[in-house]
Amino acid sequence: MNRIYLDGNDWMFKEFVGLDWVWRNSEKPNTKDVRWWYKATVPGSVLHDLWQAGKVPDPHYELNSKLVEWVPERTWVYKKSFSVPEKLSGKKITLCFEGIDYSASIFLNGKPMGKQEGEFIPWEVDVTDMLLYHEDNLLSVVIDPAPFEQPQVGKTSLVRTHKTRMNYWWDFCPRMIHQGIWDSVYLKITGQAVLQEVYLSAKLNTDYTNAALTAEVEAEAEDGCEIVMKVQEQTVTGKIHRRKAKLILAMNHPKLWQPNGYGEPYQYHVTFVLKDRAGEPSDKKELKYGIREITFEKNERCNPNATPFVLKVNGRKIYINGYNWVPIDAMYGVERPEKLNRLIKLAKNAHTIMFRVWGGGLIEKDAFYEACAENGILIWQEFIQSSSGIDNKPPEDPSFIHRLAAQAEIIVKRKRNHTALAIWCGGNELSDWEGNPVDNSDLLIRKLKEVVERLDPQRRWLPSSPSGGVFNNSVKNIMEQPDMLWDVHGPWEHQGLQKHCELYNMGTSLLHSEFGVEGMTNKNTLEKTIAKEHLLPASKENEIYFHRGAWWTNEPLVQEMFGGLDAIDQIRTASQYMQYEGLKYAIESNRRRAYQNSGSFPWQFNEPYPNAYCTSSLDYYANPKPVYYGVLSCYSPVHVSASFASPSVAEKQRFTSEVFLTTSLLTDEINKIGELSLQCEIAGMDGKILFLDRRTCTLPENSTKLVVTIDQDLKDITSDLFLLRLKLYHPNGDTNECIAENEYLFTKEKDLGSVFHMAAPVLTIRQQSNGVTLCNAGNNAALFLFLTDKGSLPQNDFLYFGHNYFCLLPGEERNIPITADSGSITGKTISIENFVSNNDITLR
């Protein structure tokens, strides 16, 4: 037995104003303060405990979050009774808190143990002589009111805490300031010799056939105590000298950790045992560690002064299929393992290579790091500093800089053994007083850089994101300073039918670490969180929509691009299509420029709160919006795409487009695939093929090549709406079994409004053992069919669709594999949405 966890739902909690808890002796055993204590869960969040106790309304519904803004102003006392087996008497026992948000006083059996401060800072104390073995012990934690901090619109220069800022109000999160014991609590049982720090690093030779695995150990132990490191079946030992030891293990032909899509993300099981002077085991630590080499090299066709951003893992150049990650919930202390697993699985399925953990959120828990490593996903971790709108300058206050540097030392040591960790970054969108991206000359940034380079020199350091060059990805910057778009941000909105493609066709960025397109949430989420009578207007004129994602409420642009829409389903469907089409085109344009551009990080993968509109690819309940499937397609190992001036060809004489093949494959992988056929067709809404080009082709090696240029007289395209459809398949093979495919919707009009005037598609649905087959039995195209899980929210058994958000011409059919976490899809109800109708089916 190495730990006794004190986590669970058997804690009690109560609110207090000021020091009323002192007056009442509320933290002590046998207190007379026995009223109004409620059940609580640790790890957890104060607000969530209140909600579950029925003391506040559901903060996810309509404007209810405004009714809970009083919570962080209170003091909260948490307490738990526990027993300790008598057989542990004589052992050294340490009380450990992995995380309290933000500060607290800790008591054991009524006696003060000390004060904790810092959301990401663990706290521990030796309680060997304080524990009772013949009766229950009482652990009490007095959580202070949350500190004042800057919301999104504020001044970064005035920030004085290293705490999650998202909850102080952000564009995608209402004001729900977090408090709580947000990570595990346990008793650590050891002998007198105790392991304090272990730092693993691996050095590979040039052909990756040998590795030296080094462990630097710090221990509270006498000289001469033995430390043993075991890696699978290999063992190496050393002796503690002046509280330190260094162990080196030579590994022949090590099995390398590979990123998602490039091989197995293999990790070694590593065990450390510290023995006392008598040779008896005194302390133990276990971890998983993947051996890999991560480097960054210069981008192609770039300014010679630019920062290198091209990722190489184990010598292989890899385009960074990225995503921005935010906390999975505003009440982030609550453990949500099913939701975390769902999110990571969806990211893996979408070919994600790296998450950027945004600097307004969290230094994430170990469970997140471990899940990413197991699924081949790297992590770019930012310190919790972010832009604030009024100014974005890192604080210059000496006491804060000293405090943050000291906390950074602890944080880096806690996270540096995680296989997934690839980059440390100073924060999000930090700038100097002139508005330029901050660099390492800034005092606070320089201090953080020194900590990282001293304690974790194998990781990449970036001062901020964006980093270097100009800040914005804009037409103006591209025109005036094309070689200064290094790591850039923006835009976060669809630019409109005429402007969107123009911007991304001009791109010169070396890394695009934050950009996005806004879109409405899914139907289920909208109807769960907003009353039916309040669903319209779906604009900022509606107080509820203003509260739930005002910055991303793109209803005016929806009306501009689709004409006058007055039904909520129409507005939602149009908004989601714009997000899908806009973000897909942006990523395709970036990836076609590899390796001038070395990576894309859409803003954002997930959301912490059920917004009505948001830039996220998933809704709050972890269900994909259509845009998720667009990004999945863009990140596929083989991708076919088109570039063009606009989805509207109004007032044009000819339709022009270029078709490209993009791959992440190497020559031997391409040779196994062989020669392929590419089919490019233009189809009208009646299914008539108005243009057809078939040709054989081979795939380019880890790059992009132009394959087809289409230049067609629009008089020959007789449909006002038409699809450009691209299919890549084996010669003489079934064109329905594509290696890659894509489709784009175009209009001869100035907007896309005619999609809502089409006849509803006639769909036949046949259930298969592993999904459904959809067939278009009508006379008109079924545009962008979207399959969703119609189950009640939140879900614990999630569905996964093998294909989604696609078109069917008359007479076409498509098999849709469907799987569930539970292994069974029986009884699940799915909805099949499109622009003009919805169909539901319950799976047998």
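Structure's up top.
Described in the following lines is the structure provided in the data block. Given the structure is predicted, the values throughout are model-derived calculations rather than measurements.

**Some thoughts on the pattern of salt bridges**
Within the structure shown, the criterion is met by 47 salt bridges. Put simply, Arg 24 and Asp 20 hold a salt bridge, and the shortest N to O gap is 2.8 Å. For Arg 24, a relative accessible area of 43% gives the class partly exposed. Among the ionic pairs, Asp 329 bridges to Arg 336, the shortest N-O distance being 3.4 Å. Arg 336 shares its class with Asp 329; the two are buried. Taken together, the salt bridges that share partners define one network made up of Glu 297, Glu 300, Arg 301, Lys 312 and Lys 317.

**Re the pairing of strand S36 (residues 689-697)**
Bridge count between strand S35 (residues 676-684) and S36: eight bridges; the pairing is antiparallel. Within S36, the residue paired with Glu 681 across the bridge is Leu 692. Taken together, S35 and the strand that follows it, S36, pair antiparallel across an intervening segment of four residues, in which Gly 687 is found at a positive phi of about 90°.

**Focus on the packing of aromatic side chains**
Enumeration according to the criterion identifies 46 aromatic pairs in this entry. For the ring pair Tyr 577 and Tyr 580, a centre distance of 6.4 Å and an interplane angle of 40° mean the geometry is tilted. Placement of the pair is Tyr 577 and Tyr 580 together in helix H12 (residues 568-592), with a separation of three residues, close to one helical turn. Taken individually, Tyr 577 and Tyr 580 each receive the classification buried, so the pair is uniform in this respect. An aromatic cluster of three or more residues is present, and its members are Phe 562, Tyr 577, Tyr 580, Phe 756, Phe 784, Phe 786, Tyr 805 and Phe 835.

**What about the side chain of Thr 156?**
Looking at where Thr 156 falls in the secondary structure, it is placed in the loop between strand S10 (154-155) and strand S11 (185-190). A polar contact is formed between the side chain of Thr 156 and the backbone oxygen of Ser 386, at a distance of 2.7 Å. In contact with Thr 156, not counting residues within four places along its chain, are Arg 165, Ser 386, Ser 387, Ser 388, Asp 391, Asn 392, Lys 393, Pro 394, Pro 395 and Leu 430.

What counts and what doesn't
- Residues numbered from 1 in each chain as written.
- Predicted model: local features only at pLDDT ≥ 70, side-chain atom pairs only at ≥ 80, totals over all residues.
- Heavy atoms only, no water.
- Salt bridge = Lys/Arg side-chain N within 4 Å of Asp/Glu carboxyl O.
- Buried < 20%, exposed > 50% of the residue type's maximum accessible area, 1.4 Å probe, protein only.
- Pairing = 2+ DSSP bridges.
- Helix = DSSP H or I, 4+ residues; strand = E, 2+ residues; numbered from the N terminus.
- Phe/Tyr/Trp six-rings, centres within 6.5 Å; stacked < 30°, edge-to-face > 60°.
- Polar contact = N/O pair within 3.5 Å; in protein donor to acceptor, adjacent residues only side chain to side chain.
- Contact = heavy atoms within 4.5 Å.

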